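Per-entry structural report
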Amino acid sequence: MLVLEEPRAGVLPAARIQGQIDGVEEVIGEIPEEKLVFLESGNTRSISEANVTKAMLDLPNCNRIAVLSFNTDAATGALQAAQRLDREQDVIIVGQGADRFLLDEIRQPGSRIIGSTAYMPERYGEQLLKLALKILKGDPVPPAVYTEHAFLSAENIDLYYPAA
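Summarised in this report is the structure supplied together with it. In this numbering scheme, every chain counts its residues from 1 along its sequence in written order. Local features in this predicted model are restricted to residues whose pLDDT is 70 or higher, and side-chain atom pairs enter the listing and the counts only when it is 80 or higher, whereas totals over whole chains, interfaces and linings include all residues. Note that water and hydrogens are dropped before the side-chain values are worked out from all heavy atoms of the structure.

Overview of the nonpolar core
Stated precisely, the cut-off is as follows: For the purposes of this section, nonpolar cores are sets of buried Ala, Val, Leu, Ile, Met, Phe, Trp, Tyr and Cys residues that join through side-chain atoms within 4.5 Å. Each residue is placed in one exposure class: buried if its accessible area under a 1.4 Å probe, protein chains only, is under 20% of its type's maximum, exposed if it is over 50%, and partly exposed if it falls in between. The way it works is that DSSP assigns letters per residue, a run of H or I at least four long becomes a helix, a run of E at least two long becomes a strand, and they are numbered from the N terminus. Whether two residues are in contact is decided by their heavy atoms: any pair within 4.5 Å suffices.
By size, the foremost hydrophobic cluster in this structure holds 26 residues, and its most contacted members are Leu-2, Leu-4, Val-52, Val-67, Ile-93, Ile-113 and Leu-152. Contributing elements (two or more residues each) for this core: strand E1 (2-5), helix H2 (45-58), strand E3 (65-69), helix H3 (72-84), strand E4 (91-96), helix H4 (100-107), strand E5 (113-118) and strand E6 (150-153). Looking at this core, the element that brings in the most residues is H3, giving six residues. The residues contacting Leu-152, other than those within four sequence positions of it, are Ala-98, Leu-103, Ile-106, Ile-114, Gly-115, Ser-116, Ala-118, Ile-157, Tyr-160 and Tyr-161. Grouped together as the second largest cluster of nonpolar side chains are nine residues, Val-3, Leu-36, Phe-70 and Val-94 included.

Laid out in structure tokens, this is it:
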């Protein structure tokens, strides 16, 4: 499993990456430490592509590679690396952020990007208004408020973002 991270981004993205690892382990069981390869994404497609290319060249006989990625650029870079090496069928890739590019890519039959976590910032405003109104009324509010997010795949993407 290749884990594309960006340590400079801080604790929240690191927690999201750990959540991806935990989610995979819930499905397939514990992943041995020696099977986890952490790579810096540089928060760019080009750095992600370069680091995934090197990792895949170091794993020439590995044809079952899962890629967890920090964001859309990291996921896209991983896909480009697999395509350049003619090893697309060796990988499955998940992203975070679910921006337009990844949504379009996930919808493609046979895409190697199989899903992305959507944080849906377009829905933050409604939640913030509800919170603000409670504060203005003097109602108690929790010390932290979290928004719902969802893992989008080809099977459920249209429930959240219907195709145009």
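From this point, the narrative continues.
So, the packing of H2 against H3
For clarity, the threshold we go by: Lines fitted to C-alpha atoms define the axes here, with helix axes fitted over just the stretch in contact, and angles between the N-to-C directions of these axes take values from 0 to 180 degrees. Small angles under 35 degrees read as roughly parallel and large ones over 145 as roughly antiparallel, with 65 to 115 read as roughly perpendicular and the rest as oblique. Here a crossing is taken to be left-handed if its near helix is turned anticlockwise relative to the far helix by less than a right angle, and right-handed if that turn runs clockwise. Polar here means any residue other than Ala, Val, Leu, Ile, Met, Phe, Trp, Tyr, Cys and Pro, which are nonpolar, and Asp, Glu, Lys and Arg, which are charged; Gly is therefore polar.
Where H2 meets H3, the closest approach of the two axes is 7 Å, and the angle between their N-to-C directions is 45°. With respect to H3, the element H2 is oriented oblique. Taken as a pair, H2 and H3 cross one another with a handedness that is right-handed. Counting all contacts with H2, which are made through Arg-45, Ser-48, Glu-49, Val-52, Thr-53 and Met-56, the residues of H3 involved are Asp-73, Ala-74, Thr-76, Gly-77, Ala-78, Gln-80, Ala-81, Ala-82 and Arg-84. By residue class, the composition of the contact of H2 with H3 is six nonpolar, five polar and four charged.

Topic: the side chain of Asn-71
Cut-off, in case you're wondering: Polar contact is defined as a pair of N or O atoms within 3.5 Å, subject to the rule that within protein one atom must be able to donate a hydrogen and the other to accept it, and that residues adjacent in sequence are counted only when both atoms are side-chain atoms.
With respect to the helices and strands, Asn-71 occurs in the loop between E3 and H3. A polar atom in the side chain of Asn-71 sits 2.4 Å from the side chain of Asn-43. Polar contacts involving the side chain of Asn-71 include one to the main-chain amide nitrogen of Ala-74, which spans 2.8 Å. Here Asn-71 is in contact with Asn-43 and Gln-96, once residues within four sequence places are set aside.

With respect to the pattern of salt bridges
Counted only if it meets this: Only one rule defines a salt bridge in this text: a Lys or Arg side-chain nitrogen within 4 Å of an Asp or Glu carboxyl oxygen.
Across all of its chains, the model carries seven salt bridges by this definition. The salt bridge partner of Arg-84 is Glu-49, with a shortest N-O separation of 2.2 Å. Of the two residues, Arg-84 sits in helix H3 while Glu-49 sits in helix H2, which places them 35 residues apart along the sequence. Given a relative accessible area of 12%, Glu-49 falls into the buried group. One salt bridge connects Lys-54 with Asp-58, and the closest N-O pair in it is separated by 3.1 Å. Note that Lys-54 and Asp-58 are positioned in helix H2 at a spacing of four residues, about one turn of the helix. For the pair formed by Lys-54 and Asp-58, the shared burial category is exposed.

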